[in-house]
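Each chain, letter by letter, is given below.
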Amino acid sequence: MITPVLPTYARADLEFERGEGPWLLTAKGERYLDFGAGIAVNAFGHAHPRLVAALTEQAQKVWHTSNIYRIPGQERLARRLVDATFADTVFFTNSGAEALECAIKMARKYHAAGGAPERYELITMEGAFHGRTLATIAAGGQAKYLEGFGPAMPGFPQVPFGDLKALQAAIGPATAGILIEPIQGEGGIRVIPNEDLRRIRQMCDEAGILLVLDEVQTGIGRTGKLFAHELAGITPDIMGVAKALGGGFPVGACLATEAAARGMVAGTHGSTFGGNPLAMAVASAVMDLALDETFLPHVNMLGLKLRQKLAMLADQYPRVIESVRGEGLMLGLKCRVPNTDLVAALREEKMLTVGAGDNVVRLLPPLNIGEAHLDEAMEKLGRACAKIDTGLGNEAAAAGAKS
Ligand SMILES: *Cc1c(COP(=O)(O)O)cnc(C)c1O
């Protein structure tokens, strides 16, 4: 019999009653170290007092008014995002997929407004993930998400990951732009090298097409920069953001240059809830924390330390971990055992992580954790790897005994 909640998720049998910083607590009081952070959402941990205060303060004023009126919180947050980034203008959404929907529509409209409506294709890379709406599953191009949902929306040719020759060759008279994640998250923490990002920016400029970046997972300090493209010293024309922007409150945004947004005039796009006063209040508080001058140096320092410790762990357990990849506190362990085994072993140690494509386990801790939390994480990782490694030893011995 079907469950009252539509069974679209393969959920772990685990539930939490409350959170405190990097900890999630069950009703029985068991404490889990949260190195998944709701998949890179809870960038400032759980129940951060500044975020709780921002939400409760706004909750007593006004929750919703509709975008048929001015929303001061939107104007303030948009101004801050514009001041902190390449962008001149921002559209607010409730999720990452919606931020990408806006980005896709904007890229198409840009060319239509410029008299080239035949330019509607966004070239993507294999392993991409842009959300679960019909347009974003077409953009992601992954068979497992497309199957059974009718013909994929046209306009998303795909090239192999990191293949710049194929990317260059794919640019044609129908190309509106290139849509990529600077670091693929769901795809397995696959980093596009900085020089490749710079080359891709150049390709877009030469062809007169738009660079659209999906920074839904990489954004708001995750990689040690406010946005990952800053690592390469380039800027996009359009960018989707969500996940950490609300620190756990659902909110997304599509940022763009004035030029890229030229087609998006009144009536071309909208959302009932997008830019809701509650979301704006929390996201503004998130930006206060993210723009504090001590924040990014802290992420970089911890990212380097964690990476070093993980490299030592990989050396110690080469049968479990093949390599460490990523930037800042967006790190992946490429596994030699099924990644699900490591996620499960860590859960037994009361540490939460997230699986990804390419047999990777993602470590996405809150960005404001302390060094003591890293040490705790390493103890749990060490025990989980030792357990898996011992199991491998026994299996090898058992196989040897049989033959
Ligand atoms: C999570 C994610 C999305 C989709 O965000 P939703 O809020 O789930 O719609 C899109 N792109 C990337 C890179 C993501 O990590």
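Along each chain, residue indices are assigned from 1 in the same order as the chain's sequence is written. Totals for whole chains, interfaces and linings use all residues, but because this is a predicted model, local features are given only for residues with pLDDT of at least 70 and pairs of side-chain atoms are given and counted only at 80 or more. Note that water and hydrogens are dropped before the side-chain values are worked out from all heavy atoms of the structure.

Could you give an account of the site of the ligand, with specific residues and numbers?
Summary of the distance rule: residues count as near a molecule or strand when at least one heavy atom falls within 4 Å of that molecule or strand. In the neighbourhood of the ligand, the contacting residues comprise Ser-95, Gly-96, Ala-97, Phe-129, His-130, Gly-131, Glu-181, Asp-214, Val-216, Gln-217 and Lys-243. N or O atoms closer than or at 3.5 Å make up a polar contact, with two conditions inside protein: a donor-capable atom paired with an acceptor-capable one, and, for residues adjacent in sequence, both atoms drawn from side chains. The backbone of Ala-97 places a nitrogen or oxygen atom 2.7 Å from an oxygen atom of the ligand. A distance of 3.2 Å is found between a nitrogen atom of the ligand and a backbone nitrogen or oxygen belonging to Phe-129. Here the ligand, which alone exposes 380 Å², has 81% of that area covered by the protein. Only Asp, Glu, Lys and Arg are considered charged in this grouping, and only Ala, Val, Leu, Ile, Met, Phe, Trp, Tyr, Cys and Pro are considered nonpolar; every other residue, Gly among them, is considered polar. Looking at side-chain class alone, the shell around the ligand contains three nonpolar, five polar and three charged residues. Methods summary: accessible areas were calculated by the Shrake-Rupley approach with a probe of 1.4 Å, and residue burial reflects only the protein chains presented.

Break down the domain arrangement of the protein for me, citing the residues and quoting the values.
Interfaces are frequently sized by the accessible area removed from exposure as the parts join. Segment limits for the domains were obtained from an automatic or database-derived domain assignment. We note that the domain assignment places domain 1 (18-47 + 303-402) and domain 2 (49-290) within the protein. Centre-to-centre, using C-alpha coordinates, domain 1 lies 29 Å away from domain 2. Listed by partner, the interface residues are 24 residues for domain 1 and 26 residues for domain 2. Accessible area, probed at 1.4 Å, shrinks when two parts are joined; the buried area is that loss added up over both. Between domain 1 and domain 2, the buried area comes to about 2,000 Å², and carbon and sulfur atoms account for 65% of it. Its largest share of buried area at the contact with domain 2, domain 1 owes to Phe-44, Glu-327 and Met-330, together 34% of the area lost on that side. Throughout this description, the term salt bridge denotes a Lys or Arg side-chain nitrogen within 4 Å of a carboxyl oxygen of Asp or Glu. For the pair domain 1 and domain 2, the number of links is one salt bridge. A salt bridge links Glu-186 to Arg-362; the nearest nitrogen and oxygen atoms lie 2.8 Å apart. On inspection of domain 1 and its partner domain 2, the count reaches seven residue pairs in polar contact (both at pLDDT 80 or more). Each helix is a run of DSSP H or I of at least 4 residues and each strand a run of E of at least 2, with the numbering of both proceeding from the N terminus. When residues of the side of domain 1 that touches domain 2 are traced back to their parent elements, those giving at least two are α1 (37-40), β13 (321-327), β14 (330-335) and β17 (360-363). Looking at the side of domain 1 that touches domain 2, its residues break down into 15 nonpolar, five polar and four charged. By the convention used here, residues are in contact when the closest approach between their heavy atoms is within 4.5 Å.

Requested: an account of the pattern of salt bridges, with residues and values cited.
If you walk through the whole model with that rule in mind, you get 20 salt bridges. Here Glu-371 and Lys-305 are joined by a salt bridge, their closest N and O atoms 3.1 Å apart. Linking Glu-371 in helix α12 (residues 371-402) with Lys-305 in helix α10 (residues 295-316), this pair joins segments that are 66 residues apart in sequence. Residue Arg-325 pairs with Asp-358 through a salt bridge whose shortest N-O separation is 3.1 Å. One end of the pair, Arg-325, is in strand β13; the other, Asp-358, is in the loop between β16 (354-356) and β17, with 33 residues separating them in the sequence. A network of salt bridges, in which partner residues are shared, links Glu-348, Glu-349, Arg-383 and Lys-387.

Let's hear about the side chain of His-229: which residues, and what values?
Mapped onto the elements of the fold, His-229 is located in the loop between β10 (210-214) and β11 (238-241). In this structure the side chain of His-229 is engaged in a polar contact, spanning 2.8 Å, whose partner is the side chain of Glu-215. Excluding residues within four positions of it along the chain, His-229 makes contact with Phe-86, Leu-213, Glu-215, Ile-234, Thr-235, Pro-236 and Met-239.

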